[in-house]
Amino acid sequence: QHHIIQALKAQRLFKRDVDYIVKDGEVIIVDEFTGRLMFGRRYSDGLHQAIEAKEGVVIARENQTLATITFQNYFRLYKKLSGMTGTAKTEEEEFIHIYNLPVVVIPPNKKLIRHNYADVIYRTEKEKFKAVIKEIVEVHKMGRPILVGTVSIDKSETLSRLLKKENIGHNVLNAKNHEREAEIIAQAGQGKNVTISTNMAGRGTDIVLGEGIAKLGGLHVIGTERHESRRIDNQLRGRSGRQGDPGSSRFFLSLEDDLMRLFGSDKISGIMEKLGMEEDIPIEHPLVTRSIESAQKKVEGRNFEIRKQLLDFDNEMEYQRKVIYEQRRMVLESKDVKKHILEMVKDTIENILHNYTNKEIYPEEWDWSGLKDHVMQIFSISLVIPKEEIPKLSISKLRDILIEKAFEIYESREKEFTSPLMRQIETMIVLRVVDREWKDNLRRLDELKQGIGLRAYGQKDPLMEYHFEAHNMFQDMVNSIKEEVVKFIYKVRLKKEESQGVRQARRETPAPMVSSQIKKSPFIKRKGLGREEEKKKKKIGRNDPCPCGSGLKYKHCCGKNI
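Residues numbered from 1 in each chain as written. Predicted model: local features only at pLDDT ≥ 70, side-chain atom pairs only at ≥ 80, totals over all residues. Heavy atoms only, no water.

### Focus on the overall build of the chain
To keep things clear, this is the line we draw: Secondary structure follows DSSP: runs of H or I at least 4 residues long count as helices, runs of E at least 2 residues long count as strands, and numbering of each begins at the N terminus. Contact between two residues is taken to exist if any of their heavy atoms lie within 4.5 Å; hydrogens are not considered.
Assigned secondary structure in the chain consists of 20 helices and ten strands. Counting contacts in the chain only where the partners sit at least 6 residues apart, residues at least 24 apart contribute 71% of the total.

Pasting the structure below:
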């Protein structure tokens, strides 16, 4: 079911040259807000693979998330936060709510003399583009430079084809030819220069006017569609009329634009129908501007709620992240992790006793079989307690017995390995186990987040349910880390390497020609080869030490599954 949903998303919701491009046999994501290619970024949960299958390119392996953090929580790691942008005022509520940062407006150095014309709206996209071309032709005759903003690569290429029919020279700046960005921007302020661009030229770009252009009226900015965010529209307009220069801007819209279709008011469509608006006749009315702003505010409010909910979900992961990263840092920076390992030993024994004993029932009724097997599996301790002693046992006494035996084995292992080597082994084991368990936990949290919204049907708050489930999963992960670390430390064995001379001698010694001798000898029957030797071998008892050298009984080691 998950693969089918991702395939449907790739087929219907994600569009080529809008959300992504295909370049050199690779699907590359296009940033919705900047219009730039996001090299090295991939959609998660198999969506990128579904898009690759749709486009017929090589399907790469699915990514595994190793670490994750939201921008909000990442910025909160800094002790001091501040910023400067020309379009922050529209997002003031979000800055205050998330970062507790007020927005202060600083007056411009020079008075703004740009003229912002009222928006014009058409019934269809075809009529809108026709009007855009007409506006470009008229301004082009005046000798002024023109910057045309589009919302996607596809729309920029459509407009480019229409301009070619009018024989108007122009440059196209989008993610497909970002290599020429500096060259195109350098020419964008020259007379009669037409630049069609996605959001790449809509932010942080300083278009310098050519000589005499200011007297003609400066740069004219044309927006072919309103963006979901007013901030992006303001950034596009802000390319004109910079530092006291003259300039102008106008937005062309249609009822078929995504913003108007999904969030626009039905009043506009009703007015156009009542007035019997003819083809290619725009409507210019204060109601239009108010309806557009209302639609943008709806989208901004929805997007803010999405980001706010994402942050609420990430707060649980932020707590978990701090605990795990502090543990990693402790291991990396600590010169002696022995005391932390011994604490893990105690906690592991505590968890084992919690699973197999109960103070509410008699000791004879405890799950002794499961307890002994678990202790043997983790510590290689053969727990032998006389039957007559079991009724006298308490959980605390049994805990002390196990801790004492576990510490004895630990100390003997440390003497065997030497303390410096033991510390290295412990550090390596802890880091490997923590990283592996944390990676698996991130995957489980992603899966939990995908389906947690369905709990709303059961009259439960998905956010509270997520926090509850995620906390339990985290506790299980912490216990699993401790048990796995302890298990590895008590099971690890040193493999002695042969000296270089021995390895060299072994390589140079020719192998005996056994097979040819066997064929020629009349005294050896091939079917019975080796049986006499097998009979001579002593049979290994289940309670005998395992011949592999692990120190365990044969039944608990190599003979476990026999």
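### What about a nonpolar patch on the surface?
Selection rule: A patch consists of residues whose relative accessible area exceeds 30% and which take part in no salt bridge; residues with like charges are grouped when within 9 Å of each other, and nonpolar side chains (Val, Leu, Ile, Met, Phe, Trp, Tyr) when within 5 Å. All accessibility values rest on the Shrake-Rupley procedure with a 1.4 Å probe; residue burial counts only the protein chains present in the view. Whenever a carboxyl oxygen of Asp or Glu lies within 4 Å of a side-chain nitrogen of Lys or Arg, that contact is scored as a salt bridge. Exposed residues in this analysis have more than 50% of their type's maximum accessible area, buried residues have under 20%, and partly exposed residues fall in between, with area computed by a 1.4 Å probe over protein chains only.
On the surface, a nonpolar cluster with roughly 690 Å² of combined accessible area is contributed by Ile69, Phe71, Tyr74, Phe75, Leu77, Tyr78 and Leu81. With respect to the element layout, leucine 77 can be found in the loop between α3 (71-75) and α4 (92-99). Given the relative accessible area of 55%, leucine 77 is considered exposed.

### Brief notes about the confidence of the model for the chain
Let me state the cut-off plainly: Known as pLDDT, the predictor's per-residue confidence is scaled from 0 to 100.
When pLDDT is averaged along the chain, the result is 83; 84% of the residues meet or exceed 70. Ranking the elements of the chain by mean pLDDT puts helix α19 (residues 514-520) last, at 38, and strand β9 (residues 219-223) first, at 95.

### Considering the sheet that holds strand β1 (residues 20-23)
Two orientations exist for strands paired in a sheet by backbone hydrogen bonds: parallel and antiparallel. Filter applied, for reference: Two strands make a pair as long as DSSP finds a minimum of two bridges between them.
Reading across the sheet, the three strands line up as β1-β2-β3 and stay open at both edges, with antiparallel pairing between neighbours. The open sheet is flanked by β1 and β3 (37-38), the only strands paired with a single partner. In the sheet, β1 pairs with strand β2 (residues 26-30) via four bridges, with the strands oriented antiparallel. For lysine 23, the partnering residue across the bridge sits in β2 and is glutamate 26.

### So, the side chain of asparagine 171
Operational definition: Any pair of nitrogen or oxygen atoms within 3.5 Å is treated as a polar contact; in protein, a donor-acceptor pairing is required on top of that, and neighbouring residues in sequence qualify only through side-chain atoms on both sides.
On the secondary structure map, asparagine 171 appears in strand β7 (residues 171-173). A relative accessible area of 14% means that asparagine 171 is categorised as buried. A polar side-chain atom of asparagine 171 sits 3.4 Å from a polar atom in the side chain of glutamine 187. With residues near it in sequence (within four places) discarded, asparagine 171 still touches Arg180, Ile184, Gln187, Asn193, Val194, Thr195 and Ile196.

### So, the packing of aromatic side chains
In plain terms, the rule: Ring pairs shown here join Phe, Tyr and Trp side chains whose ring centres sit within 6.5 Å, with only the six-membered ring taken for Trp; geometry is labelled stacked below 30 degrees between planes, edge-to-face above 60, and tilted in between. Charge-over-ring placement is defined geometrically: NZ (Lys) or CZ (Arg) within 6 Å of the ring centre, and within 35 degrees of the ring normal.
If you walk through the whole model with that rule in mind, you get eleven aromatic pairs. Ring centres 4.8 Å apart and planes at 70° place the aromatic pair phenylalanine 313 and tyrosine 466 in the edge-to-face group. Of the two residues, phenylalanine 313 is situated in helix α12 (residues 286-333) and tyrosine 466 in helix α17 (residues 462-491); the sequence distance between them amounts to 153 residues. You'll find phenylalanine 313 and tyrosine 466 in the same group, each marked buried. Considering the side-chain rings of phenylalanine 379 and tyrosine 490, the 5.1 Å spacing of their centres and the 85° angle between planes classify their relative orientation as edge-to-face. Separated by 111 residues along the polypeptide, phenylalanine 379 in helix α14 (residues 368-379) and tyrosine 490 in helix α17 bring together distant segments of the chain. Among the aromatic residues, those joined into a ring-pair cluster are Phe71, Tyr74, Phe75, Tyr78, Phe95 and Tyr99. The residue whose ring lies beneath lysine 128 is phenylalanine 129, and the NZ or CZ to ring-centre distance is 5.1 Å.

### Here we look at the pairing of β9
Let me state the cut-off plainly: For a crossover, the right-handed case is the one in which the path from the first strand over the helix to the second runs clockwise, viewed with the strands pointing away from the viewer.
Among the five residues that make up β9, five are buried, leaving the element largely enclosed by the rest of the structure. Residues Leu219, Val221 and Gly223 of β9 are buried on one face, and the alternating residues His220 and Ile222, pointing to the opposite face, are buried as well. Relative to β9, strand β6 (residues 146-149) is paired through four bridges, and the arrangement is parallel. Paired with isoleucine 146 across the two strands is histidine 220, which belongs to β9. Looking at chain direction, β9 and strand β10 (residues 247-254) are connected through five bridges and run parallel. The residue of β10 that forms the bridge with histidine 220 is serine 248. Handedness of the β9-helix α9 (residues 230-237)-β10 crossover: right-handed.

### Regarding the environment of phenylalanine 39
When you line up the elements, phenylalanine 39 lands in the loop between β3 and α2 (47-55). As for phenylalanine 39 and isoleucine 28, which are separated by eleven residues in sequence, their C-alpha atoms are 6.4 Å apart. When near neighbours in sequence (up to four residues on either side) are disregarded, phenylalanine 39 contacts Ile28 and His178.

### Details of the pairing of β10
Of all eight residues that make up β10, eight are buried, and the element is covered over most of its length. The alternating pattern of β10 places Gly247, Ser249, Phe251 and Leu253 and Ser248, Arg250, Phe252 and Ser254 on opposite faces, both of which are buried. Relative to β10, strand β4 (residues 115-116) runs parallel, the two being bridged by two bridges. Looking at the pairing, histidine 115 lines up with serine 248 of β10.

### Side note on the environment of proline 282
Mapped onto the elements, proline 282 comes out in the loop between α11 (266-274) and α12. In the structure, proline 282 is positioned 163 residues away from aspartate 119 in sequence and 9.6 Å away in space, judged by C-alpha atoms.

### Some thoughts on the pattern of salt bridges
By the definition in use, this model includes 36 salt bridges. Here lysine 155 ties to glutamate 225 by a salt bridge, and the two come within 3.4 Å at their closest N and O atoms. One end of the pair, lysine 155, is in helix α6 (residues 153-165); the other, glutamate 225, is in the loop between β9 and α9, with 70 residues separating them in the sequence. Classification of lysine 155 as buried rests on a relative accessible area of 19%. On the basis of relative accessible area, glutamate 225 is assigned to the buried category, the value being 10%. Arginine 226 is paired through a salt bridge with aspartate 233; the nearest N and O atoms lie 3.3 Å apart. Relative accessible area serves as the criterion here: at 3%, aspartate 233 is assigned to the buried category. Here the residues in one salt-bridge network are Lys338, Glu411, Glu414, Arg423 and Glu426, joined through shared partners.

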